[in-house]
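Residue-level listing of the chains:
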Amino acid sequence: MAPWYLKFAWRDSRGSRRRMLLYMSSMVLGVAALVSINSFGDNLRNAIDREAETLLGADLSFESSRPFPEEIESVIDSLGGLQSRRISFSSMTYFKRTDDVRLSTVRAQEQGFPYYGAIETDPPEAATTFLTGKNALVDGTLMSQFDAAVGDSIRIGTISYRIAGKLIQTPRETAAIMLFSPRVYIPLAHLDESLLQAGSRADYEVYFRFPEGRDADAIVENLLPRLREAQVRTDTVEEEKEGWDRSLTNLYRFLSLVGFMSLLLGSLGVASSVHVYVRQRIRTVAILRCFGSRTWSTFSVYLIQAIGMGLIGAVFGSLLGLAIQASLPLVLGDFLPVSVDFSLSWSAVWLGSGIGLGVTVLFALLPLLVVKDVSPLLALRADLEADIRGQKSRLWWLVTIAIGLSVSVFAIIQSPTLKIGLGYSLSLLVVFGALAVVAKTMIRLLKNHTPTKLSYVTRQGIANLFRPHNQTLIMTLALGMGTFLIATILLSQNSLLKQMSLVAEGDRPNLVFFDIQSNQADGVEEELERKNLPVLARVPIVSMRISGINGTTISSMRADTTRKLSWAYRREYRSSYREGLTDSEVLIAGVMEPRVNPDTVDLIPVSIEEGIAGMLDVSLGDTVSFDIQGIEMDTRISSIRTVDWHRIQTNFYFIFPVGVLEEAPQFNVVLTRTETESESAAVQSAIVRRYANVSAIDISLVMNVFDAIFSRIAFIVRFMSLFTIITGLIVLSGAVLISRFQRIEESVLLKTIGASRSQVLRIMFVEYIALGTLAAAAGIILALGGGWALSTFVFEIDFVVPTLQLIGLVVFEVLMTLTIGLLNSRGVYAKKPLEVLRAEV
Amino acid sequence: MSAVLSVSHLSKTFPSGDKIITVLSDISFDLDEGDTCTIVGPSGSGKTTLLGLSAGLDDPSAGTVVLCGHNLGNLSEDERSSVRNKHVGFVFQTFRLIPTLTALENVMVPGELRGNKEVRQIALDLLDRVGLSDRTHHYPAQLSGGEQQRVGLARAFVNRPSILFADEPTGNLDAETGDAVIELLFDLNRTSGTTLVLVTHDMELTARTGRILGLKGGKIISDTALEPLVNPLQEISSGLG
């Protein structure tokens, strides 16, 4: 025989089951978010495992920013297998029909690659036929941008190519990567070699396919010292897989944490509903206690109901999660390297529903603890009811700590590092706390300072937000959190875009020509003058690497396994030479030598940027040795500068004095300013026609790319924020339902004393509009604070408020609140007084 | 005959701001098996508080209550619950039925709490006895006030309690319905030999009990033993029974 409390829990739920389902449904979306994201994550991992080889397209690759030196060429020869070469670089693509140019990433490749997977094109056969002559595959977005079609001509360098097909998917690249710089594939055999002059930036790649049984990772391990010495990077299937695994795991963990936020809000909604539900059951509890029910048995009745609600919520949430999972590839597709098939992940279902159930029950425990303290005397004395309050007992604190711990543990498990996990928990606490403070302050202001001059209908509508058992705060939290997320991303996007447009305001440069050979620089300036455009700067650039610091070589530092070298030691530096500072620099230490005669000094005095000096751990007087394309040069740090990196300007980590680098292989950058996009397009086209190797980038292009990327990220954030907003609306439905009887009573009373139906309805309108505005305003106030802090302290830019968009967000939320509120109030105001007198709560 | 309820030197005080309010002061009395007793007094005299303390629903500030041999002061909250479940029945002025349970389920609650497997049949018999055999599956909201109180009576007797506490059992009923409920109460009391403690303002009801404790200002001001009035209707109904 089942224990009585099990039977009683079932019987007691009669008449409330539909209401309980609604309470519970506020956590359904949170579980759905977790299940869908984790299940999708599992599918994604499986897809990456299954298609690991296609991620790289080969068993092994070598890459270098310079042509492979002789000794590496011999290594490549000795490795055997199938081999395919590719050279990647940035260059202007010239669309002949429309006379347009666009900076693109050109991949000049041989037959063979990819050995695994395929380049997907439209038409499909173009993926292989383009190699047979002067043909090109062009990124689809680029083709639509310039209205190009298969069969049109483009020119890269001095060579013209026929567009053989549109690129859809390529190994190692996602749609999002292509947004940064569109891809153009051409045959290596038909590459204009003049584009690869000394100083130009290019990646030289070789791809290997080995017979079955050869271990690419072992080969790399064996060759690593020699490859490192020659600054050759390697990639194996395993490394590529690990890289994608890591970044995609971070992506779906991030989404999972956003989903978890929705679960937390939903659980708060459940807790809030349970709180009201338990209040309505106090009398029953007292009667049970009177007739001899023990404390924990009575508590068990309601705990069982909460567990039941949680279980049902977990099942529904999991089912919904699996349905949502099917839509995730549409949301995240641009960021994925492989297509992800739908399959059921039981581990994700167990994880999502387990966490959902656990968190819901933990949150429900707090209001349930009241049951434990109900005195049987309440059955005897009606006047004692109002005195029942959740005491902050030791058990209350224990449950609260358990909630805090479980949230933190989940965050830590889902985060890449302990620090990030703790940071997330703390941020969550701060955001929830701040939102609660903002919401409470606004509620208090509204409560105490509603102007008495307002009409009765308006005052009553606002006063309804504070009726007993109201859930105004929790709804403000849930709806406000969604608004906060959406508004913060909106504010960041607008501030960053504004900053980008600001950097090119006034007479600052907004168009940059680069990869200009020394003998072309005068010609470029001539073209600019012909178009009446100013030459705002002409800057020589020399590529170099650091070979040693204070007498210790980078190779020996690398050999020291106890030391982890940052990118600052390994990167290629683009340095320049000039006599003094530019207006974006400030000297903070030492003296900047304007010019030197290298024959008269042992160490060349150089100026270093403050940040990189910190990363390299060097200061004034320290020596830095450079490998300048094969020539060793020892320098001494004679000055340290700060640089304002936000400007469109040629900024450098190292500045050499005049008189040292003039003879080194170099290219030039020329900065100018155009007033219109057509002026910019015309001059780019003219210069690229004259000097095919010269590339250009203008601020509008940067802004467009940034906007496109940010819009995709914003889409994902909006998608995830929807979970919290819908959770808020479900909490609202629950709240309206909880107060249904009270609302009926109020309505009947108002009607009895002469209110018209229209007045009763208007009171309800005012209530929901006030609630929606309150929630949206709380979220936006917090977002304004957060957005300002991000702009000021993280991005270090001016804070921009897109007023109209924010107003649009508020209007959307108010309309949603009003709609949901009215839908759930149907019938409430049509009740006859007599029905109310007979009704049970 | 051993005392079913023994109250000695019972006091109850409440802090109220800086003051201490004394609700009950030095109350002592004993009730034996089958006794009937009414507690009377004006509003605020401490009647309901005395009833609650006697049933172990609250802790006294001083004094002792021994209920069916158990000194309630020595028991924990749950132990007191257990004593109530075994020995005590309650009838409330506002019926206190659980709105989500049917009439039958409401009557079964004390028996189910006790784990009594026969409780369903006992409850059905009791509902039959109070004249509600055709209303067993109705919810409280579907019953009239008199019917609800009859369900309350059946529930009070389902565990065959040694003592029944009734707080204004007719307070929410009209005179006619109240009379019928009183008849049932005394009938059940008589047939089960239960000690009965009533709190009421109803003088007619008072007159039917064997003892009247008069309270005023938290003190017993009178303790009167009576020859209970026998209602002619009761004789008729018991004769028929």
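Residues numbered from 1 in each chain as written. Chains lettered and ligands numbered in written order. Predicted model: local features only at pLDDT ≥ 70, side-chain atom pairs only at ≥ 80, totals over all residues.

A. Looking closely at the overall build of chain B. The number of helices and strands found in chain B is 8 helices and 10 strands. Relative to the 2.2 N^0.38 estimate, which gives 18 Å for 241 residues, the radius of gyration of chain B is 18 Å and therefore close to what a compact globule would have. Taking the principal axes of its C-alpha atoms as reference, chain B extends roughly 55 × 40 × 40 Å. Classification of the 241 residues of chain B by burial places 49% in the buried group. For chain B, restricting intrachain contacts to residue pairs at least 6 apart in sequence, the fraction spanning at least 24 positions comes to 68%. (Helix = DSSP H or I, 4+ residues; strand = E, 2+ residues; numbered from the N terminus. Rg over C-alpha atoms; globule rule 2.2 N^0.38 Å. Buried ≥ 20, exposed ≤ 12 C-beta atoms within 10 Å, placed from the backbone. Contact = placed C-beta atoms within 7 Å.)

B. Expanded view of the overall build of chain A. Each helix and strand counted, chain A has 26 helices and 21 strands in total. Considering only C-alpha atoms, chain A reaches an extent of 105 × 70 × 60 Å along its principal axes. Every one of the 841 residues in chain A was classed for burial, and the buried ones make up 43%. Within chain A, residue pairs in contact and separated by at least 24 positions form 85% of the contacts whose partners lie at least 6 positions apart.

C. Geometry of the packing of helix H2 (residues 17-50) of chain A against helix H12 (residues 346-372) of chain A. Residue and element names in this part refer to chain A. Where H2 meets H12, the axes come as close as 8 Å, and the angle between the chain directions of the two elements is 155°. Put simply, H2 runs roughly antiparallel to H12. Along this stretch, H2 crosses H12, giving a crossing that reads as right-handed. The residues of H12 that touch H2, namely those facing Met-27, Gly-30, Val-31, Leu-34, Val-35, Asn-38, Ser-39 and Asp-42, are Ser-347, Ala-348, Val-349, Leu-351, Gly-352, Ser-353, Ile-355, Gly-356 and Thr-360. Considered class by class, the residues forming the contact of H2 with H12 number 8 nonpolar, 8 polar and 1 charged. (Axes fitted to C-alpha atoms, helices over the stretch in contact; angles between N-to-C directions. Parallel < 35°, antiparallel > 145°, perpendicular 65-115°, else oblique. Left-handed = near helix turned anticlockwise from the far one by under 90°. Nonpolar A, V, L, I, M, F, W, Y, C, P; charged D, E, K, R; others polar.)

D. Fine view of the environment of Ile640(A). Residues and elements named next belong to chain A. Position of Ile-640 among the secondary structure elements: in strand S18 (residues 631-643). Distance in space between the C-alpha atoms of Ile-640 and Leu-620 is 7.3 Å, their sequence separation being 20 residues. With residues near it in sequence (within four places) discarded, Ile-640 still touches Ile-588, Ala-589, Gly-590, Ile-608, Glu-610, Ala-613 and Leu-620.

E. Fine view of the sheet that holds strand S9 (residues 211-216) of chain B. Residues and elements named next belong to chain B. Pairing is mixed across the open sheet formed by 6 strands, whose spatial order is S6-S7-S8-S3-S9-S10. Bordering the open sheet on either side are strand S6 (88-91) and strand S10 (219-225), each of which pairs with just one other strand. With direction set aside, neighbouring strand axes in the sheet form an average angle of 15°. In the sheet, S6 pairs with strand S7 (residues 163-167) via 4 bridges, with the strands oriented parallel. Following the sheet pairing, Gly-89 is matched in S7 by Leu-164. Contacting S6 and S7, helix H5 (residues 145-157) runs over the sheet at an angle of about 170° to S6. (Pairing = 2+ DSSP bridges.)

F. Fine view of the nonpolar core. Of all hydrophobic cores here, the largest spans 209 residues; its most connected members are Leu368(A), Val107(B), Leu153(B) and Ala154(B). By residue number, the principal contributor to this core is helix H9 (residues 237-290) of chain A, which donates 23 residues. If we skip the residues at most four places from it in the chain, Leu153(B) touches Val91(B), Val130(B), Val181(B), Leu184(B), Leu185(B) and Leu188(B). Within the second largest apolar cluster, 71 residues are counted, among which are Ala108(A), Phe514(A), Ile546(A) and Ile604(A). (Core = buried A, V, L, I, M, F, W, Y, C linked by C-beta atoms within 7 Å.)

G. Representation of the environment of Leu263(A). All names here are of chain A. Here Leu-263 lies in helix H9. Judged by local crowding, Leu-263 falls into the buried class, with 31 C-beta atoms found within 10 Å. Note: C-alpha distance between Leu-263 and Ser-26 (237 residues apart in sequence) is 8.1 Å. Ignoring any residue separated from it by four or fewer positions in sequence, one finds Leu-263 in contact with Met-27, Gly-30, Val-31, Ala-33, Leu-34, Gly-356 and Val-359.

H. Focus on the interface of chain B and chain A. On the chain A side, the residues contacting the 26 residues of chain B number 22 residues. Of all the secondary structure elements, the ones that give two or more residues to the side of chain B that touches chain A are helix H1 (47-54), helix H2 (77-87) and helix H3 (103-114) of chain B. When residues of the side of chain B that touches chain A are assigned to their parent elements, the largest contribution, 6 residues, is made by H2(B). Partitioned by chemical class, the residues of the side of chain B that touches chain A number 11 nonpolar, 7 polar and 8 charged.

I. Summary view of H12(A). Residue and element names in this part refer to chain A. End to end, H12 covers 37 Å across 27 residues, agreeing with the expected 39 Å (1.5 Å per residue, within 8%). Roughly 45° is the biggest bend found in H12, and it falls at Leu-366, with proline Pro-367 one to four residues downstream. Here H12 lies mainly inside the structure; 19 of its 27 residues are buried. (Expected span 1.5 Å × (residues − 1). Bend = angle between axes of the 7 residues up to and from the residue.)

J. Inspection of the environment of Thr129(A) at higher detail. All names here are of chain A. Structurally, Thr-129 can be placed in helix H5 (residues 126-129). By the C-beta count within 10 Å, which is 15 here, Thr-129 ends up partly exposed. Each C-alpha atom of the pair Thr-129 and Gly-165 lies 9.4 Å from the other, and the pair is 36 residues apart in sequence. Sequence-distant contacts of Thr-129, that is, excluding residues within four places in its chain, are made with Asn-135 and Ala-164.

K. View of the sheet that holds strand S4 (residues 62-67) of chain B. All names here are of chain B. Strand order in this open sheet of 4 strands is S2-S1-S4-S5, and the pairing throughout is antiparallel. Edge positions in the sheet fall to strand S2 (19-32) and strand S5 (70-71), since each has one partner strand and no second. Judged from the 2 bridges that link them, S4 and S5 form a sheet pairing that is antiparallel. Directly across from Val-66, in S5, lies its bridge partner Asn-71. Packing against the sheet, H1 makes contact with strand S1 (3-16), S2 and S4, and its axis sits at approximately 125° to S1.

L. The arrangement of unusual backbone geometry in detail. In this model, Phe113(A) is joined to Pro114(A) through a cis peptide bond whose omega is -5°. Along the chain, Pro114(A) falls in the loop between strand S3 (100-109) and strand S4 (120-122). The peptide bond linking Asp122(A) to Pro123(A) adopts the cis configuration, its omega dihedral lying at 0°. Of note in this structure, His9(B) is not a glycine but carries a positive phi near 50°. Phi is positive for Asp26(B), close to 50°, though the residue is something other than glycine. Mapped onto the elements, Asp26(B) comes out in strand S2.

M. Spotlight on the confidence of the model for chain B. Residue and element names in this part refer to chain B. Looking at chain B, the pLDDT average stands at 86 and 93% of residues meet or exceed 70. Confidence over residues 230-241 falls short of pLDDT 50; this stretch has 9 contacts with residues more than four positions distant or in other chains. Among the prediction metrics, the complex's ipTM stands at 0.83, with pTM recorded as 0.71. (pLDDT = per-residue confidence, 0-100.)

N. Structural context of the packing of helix H13 (residues 394-414) of chain A against helix H14 (residues 418-449) of chain A. All names here are of chain A. Following both chains from N to C, one finds H13 and H14 inclined at 135°, their axes separated by 7 Å at the closest point. If you check the angle between H13 and H14, you find them oblique. Here the hand of the crossing between H13 and H14 comes out right-handed. Of the residues in H14, those in contact with Val-407, Ser-408, Ala-411 and Ile-412 of H13 are Leu-418, Gly-421, Leu-422, Tyr-424, Ser-425 and Leu-428.

O. Local environment of the pairing of strand S17 (residues 623-628) of chain A. All names here are of chain A. Here S17 shows a clear split, with Val-624, Phe-626 and Ile-628 buried on one side and none of Thr-623, Ser-625 and Asp-627 buried on the other. Where strand S12 (residues 537-549) and S17 come together, 4 bridges link them in antiparallel fashion. Residue Ile-549 lies in a different strand from S17, and its bridge partner there is Val-624. The pairing of S17 with S18 spans 6 bridges and is classified as antiparallel. Residue pairing in the sheet places Ile-628 in a bridge with Ile-631 of S18. Linking S17 back to S18 in an antiparallel pair, the connection comprises 2 residues, with Gln-629 at a positive phi of about 45°.

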